[in-house]
Amino acid sequence: MAAKVILCGDITGRHEVEELLAQRHPEVRVDSVGQTWELVERALAEGHDVALLLRGPIALHQQRVDAVASLRRQGFGGRILVAASFLTERHEATEAGADYVFDPDRQAAEQVIKAALYRPRAAADHPYLRYLLVGEWATVEGYDEELPGEPPDLLLAATSCHPPAFFPRLAAYTKANPETYCVLVEDGATEEVEVEALASGVQPYVVLAQEGLARVGQLARTFLREKWLRKVSAA
């Protein structure tokens, strides 16, 4: 299914971005509107992947900020981008809930859009760890004793899913793939397994009975967001 993007701004700015996207990323479906209320209405109803508020007159800044806040408050599932020149504009848009705010004189909108469509890859062995990532801006896959052939951005490993021999292999895997962020979760395995898991040195190591599932979710979400932001910032 083609990625869907919606733009909001004046007709000249929208036309320019639409043309550049059509030339460079024809696989992306682009819709555009002139009013912020239209952006909110359509983005929520049609499930766009990215909503971009283009740079506009300072007099309309509060409308753009209100649109960001409304999208976030109503549970928009995509990424919210804002193009703004002034520091105060960028700060207020971020405070309202924008995922990324950029200076259009420094970053091209069509390149930021394309980068923003990237979803970090996560792999988790236990179903409850995969369920933890439902609704996150990521693609989620499972694995068992065979670690993923293509290293994911995030790897979640539960001690209850593996025999002791798995953990030295996990340590070697994370050393060979330093770009993969691994969270090792101790969740009620045998003593032998827990000893091997600790000895692997893989960090962070979360003891579920002490720190809770919320801690695992916090670590995972923080890293996934950081990975996405690095991608978009470099566009």
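Each remark here, short or long, concerns the structure printed above.
The following paragraphs examine the structure supplied in this document. The model shown is predicted, which means the values in this text are computed figures rather than measured ones.

Section: the sheet that holds strand β10 (residues 205-207)
- Spatially, 5 strands are ordered β7-β6-β8-β9-β10 in an open sheet, and the strand pairing comes out parallel. Two strands lie at the open edges of the sheet, namely β7 (139-142) and β10, each paired on one side alone. Going across the sheet, the axis of each strand differs from the next one's by a mean of 20°, ignoring polarity.
- One ladder, built from 4 bridges, connects strand β6 (residues 121-124) with β7; its direction is parallel. Within the sheet, the bridge partner assigned to A123 lies in β7 and is E141.
- Of the strands in this sheet, β8 (154-158), β9 (181-186) and β10 are in contact with helix α10 (residues 213-233), which crosses β9 at around 175°.

Some thoughts on the nonpolar core
- The biggest cluster of nonpolar side chains holds 21 residues, and the ones touching the most others in it are L52, L81, F102 and I113.
- Every element with two or more residues in this core is listed here: β1 (4-8), α1 (11-24), β3 (50-53), β4 (79-83), β5 (100-102), α5 (109-116) and α10.
- Among the elements that take part in this core, α5 stands out by supplying 5 residues, more than any other.
- Other than its neighbours up to four places away in sequence, L52 contacts I6, L7, C8, L81, V82, A83, F102, A109 and I113.
- Of all hydrophobic cores here, the second largest spans 20 residues; its members include C8, A51, L71 and V101.

Details of the environment of A43
- Position of A43 among the secondary structure elements: in helix α2 (residues 36-46).
- With 24 residues separating them in the primary sequence, A43 and A67 have C-alpha atoms 11 Å apart.
- Discounting residues that sit within four places of it in the chain, A43 has contacts with I6, H48, L71 and F76.

Examining the sheet that holds β3
- As summarised here, the arrangement of the 5 strands in space is β2-β1-β3-β4-β5, forming an open sheet in which the pairing is parallel. Each edge of the sheet is formed by a strand with only one pairing partner; in this case those strands are β2 (29-33) and β5. With direction set aside, neighbouring strand axes in the sheet form an average angle of 20°.
- In terms of strand pairing, β1 meets β2 through 5 bridges, oriented parallel. Of the residues in β2, the one forming a bridge with L7 is S32.

Things to note about unusual backbone geometry
- With an omega dihedral of 0°, the bond running from Q203 to P204 counts as a cis peptide bond.
- The topology assignment puts P204 in the loop between α8 (191-199) and β10.

Some details on the packing of aromatic side chains
- Tallied over the full model, the rule gives 3 aromatic pairs.
- Plain terms: the ring middles of F166 and F167 are 5.2 Å apart, the flat faces sit at 85° to each other, and that makes the pair edge-to-face.
- Classification of F167 by relative accessible area gives buried; the value is 0%.
- Measuring from centroid to centroid gives 4.5 Å for Y181 and F223, while their planes differ by 10°, and the two rings are stacked. Of this pair, Y181 sits in strand β9 while F223 sits in helix α10, and the two are 42 residues apart along the sequence.
- Given a relative accessible area of 25%, Y181 falls into the partly exposed group.
- Here R79 stacks its cationic end above the ring of W228, 4.4 Å away from the centre of that ring.
- Note that K231 overlies the ring of Y118, its terminal NZ or CZ placed 4.8 Å from the centroid.

Definitions and cut-offs
- Residues numbered from 1 in each chain as written.
- Predicted model: local features only at pLDDT ≥ 70, side-chain atom pairs only at ≥ 80, totals over all residues.
- Heavy atoms only, no water.
- Pairing = 2+ DSSP bridges.
- Helix = DSSP H or I, 4+ residues; strand = E, 2+ residues; numbered from the N terminus.
- Axes fitted to C-alpha atoms, helices over the stretch in contact; angles between N-to-C directions.
- Contact = heavy atoms within 4.5 Å.
- Core = buried A, V, L, I, M, F, W, Y, C linked by side-chain atoms within 4.5 Å.
- Buried < 20%, exposed > 50% of the residue type's maximum accessible area, 1.4 Å probe, protein only.
- Phe/Tyr/Trp six-rings, centres within 6.5 Å; stacked < 30°, edge-to-face > 60°.
- Lys NZ or Arg CZ within 6 Å of the ring centre and 35° of its normal.

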